[in-house]
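Listed below are the residues making up each chain.
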Amino acid sequence: MGQVLGLVQVDQSTVAIKETFGKFSEVLEPGCHFLPWCIGQQISGYLSLRVRQLDVRCETKTKDNVFVTVVASVQYRALADKASDAFYKLSNTREQIQSYVFDVIRATVPKLDLDDAFEQKNDIAKAVEEELEKAMSAYGYEIVQTLIVDIEPDDRVKRAMNEINAAARMRVAASEKAEDEKILQIKKAEGEAESKYLAGVGIARQRQAIVDGLRDSVLAFSENVPGTTAKDIMDMVLVTQYFDTMKEIGASSKSSSVFIPHGPGAVKDVAAQIRDGLLQANPQ
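In this text the structure is predicted, and so the values were computed from the model without any measurement. (Residues numbered from 1 in each chain as written. Predicted model: local features only at pLDDT ≥ 70, side-chain atom pairs only at ≥ 80, totals over all residues. Heavy atoms only, no water.)

Trainee: Give me the packing of helix 3 (residues 93-108) against helix 5 (residues 121-136): which residues, what numbers.
Mentor: For the pair helix 3 and helix 5, the least separation of the axes is 9 Å and the interaxial angle reads 135 degrees. Between helix 3 and helix 5, the angle falls in the class oblique. Crossing hand, helix 3 versus helix 5: right-handed. Along the contact surface, helix 3 presents Thr-93, Gln-96, Ile-97, Tyr-100, Val-101, Val-104, Ile-105 and Thr-108, while helix 5 presents Ile-124, Ala-127, Val-128, Glu-131, Leu-132, Ala-135 and Met-136. Of the residues assigned to the contact of helix 3 with helix 5, the class counts are 11 nonpolar, three polar and one charged. (Axes fitted to C-alpha atoms, helices over the stretch in contact; angles between N-to-C directions. Helix = DSSP H or I, 4+ residues; strand = E, 2+ residues; numbered from the N terminus. Parallel < 35°, antiparallel > 145°, perpendicular 65-115°, else oblique. Left-handed = near helix turned anticlockwise from the far one by under 90°. Contact = heavy atoms within 4.5 Å. Nonpolar A, V, L, I, M, F, W, Y, C, P; charged D, E, K, R; others polar.)

Written out as structure tokens, the structure reads:
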């Protein structure tokens, strides 16, 4: 009924292109408009002013000859004050934008190594946006934003990169493990050195205590038994220690029998042998 009466409704965020006898007349804003068809006025088409998005996948290669697929996301919209240009000048806006994106990406990425391409995603997006803005403004379109959402290397390249990264991490782990083992060995050696030092101090103190005990025994025996000499006392002490040693050998040895000299003069012979051994070991 509205078309019969010449009434046309234009929705919000949309403009209509009005023609008179096939020639562009004006751009109709959202609302209700009267177009008497009898005098050649009609709506040639509608143009949305909403922001639209186009995802572009572009295959190219980097400076170090790695093939990658760059995914760019372009957000664009038609300008109300240039609606006639946006409607008449381009037959396929999406293909036009895609061509410019291909051109910029394939001119920018080959100048960068793969690592640099990942690090300079924003610079690539900025270059694409600047080129699109300059080109599409002449056709009545505004580039709202351009994003490089992904850079996908070939699967074999990704596997190789993962292997390189894993190998580097293994080297670091091996180095850390070796350093830990080195520290443990150093600490163990320091502990052994400290243990041996303390053992040596203990032995020295033990021997000093033995010497002091023998000296005190000799002095006490000389005072309590008149007429004895230091030689007699030392012979007795040596014999006593000899038998104590034999007792310990018999108690701790795996042998079931220990043979020692026996007879009336055995004790004297033992004392003489010990004394002679000490004199031979320590010649004057």
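Structure shown, so let's carry the discussion forward.
Trainee: Break down the sheet that holds strand 6 (residues 52-61) for me, with residues and values.
Mentor: Two modes of strand pairing occur in sheets, parallel and antiparallel, and in both the strands are linked by backbone hydrogen bonds. Strand order in the open sheet formed by three strands is 6-7-8, and the pairing between neighbours is antiparallel. Lying at the two open borders of the sheet, with one neighbouring strand each, are strand 6 and strand 8 (141-153). Sheet twist, expressed as the mean angle between neighbouring strand axes with direction ignored, is 20 degrees. The strands that helix 5 touches are strand 7 (67-78) and strand 8; relative to strand 8, the one it contacts most, it runs at about 145 degrees. (Pairing = 2+ DSSP bridges.)

Trainee: Summarise the sheet that holds strand 5 (residues 41-48); cite the residues concerned and give the values.
Mentor: Overall, antiparallel pairing links the three strands, which are arranged 3-2-5 in an open sheet. Edge positions in the open sheet fall to strand 3 (23-28) and strand 5, since each of these has one partner strand only. Strand-to-strand twist across the sheet, computed as the mean angle between neighbouring axes with direction ignored, equals 30 degrees.

No statement about biological role is implied by the geometric values presented.
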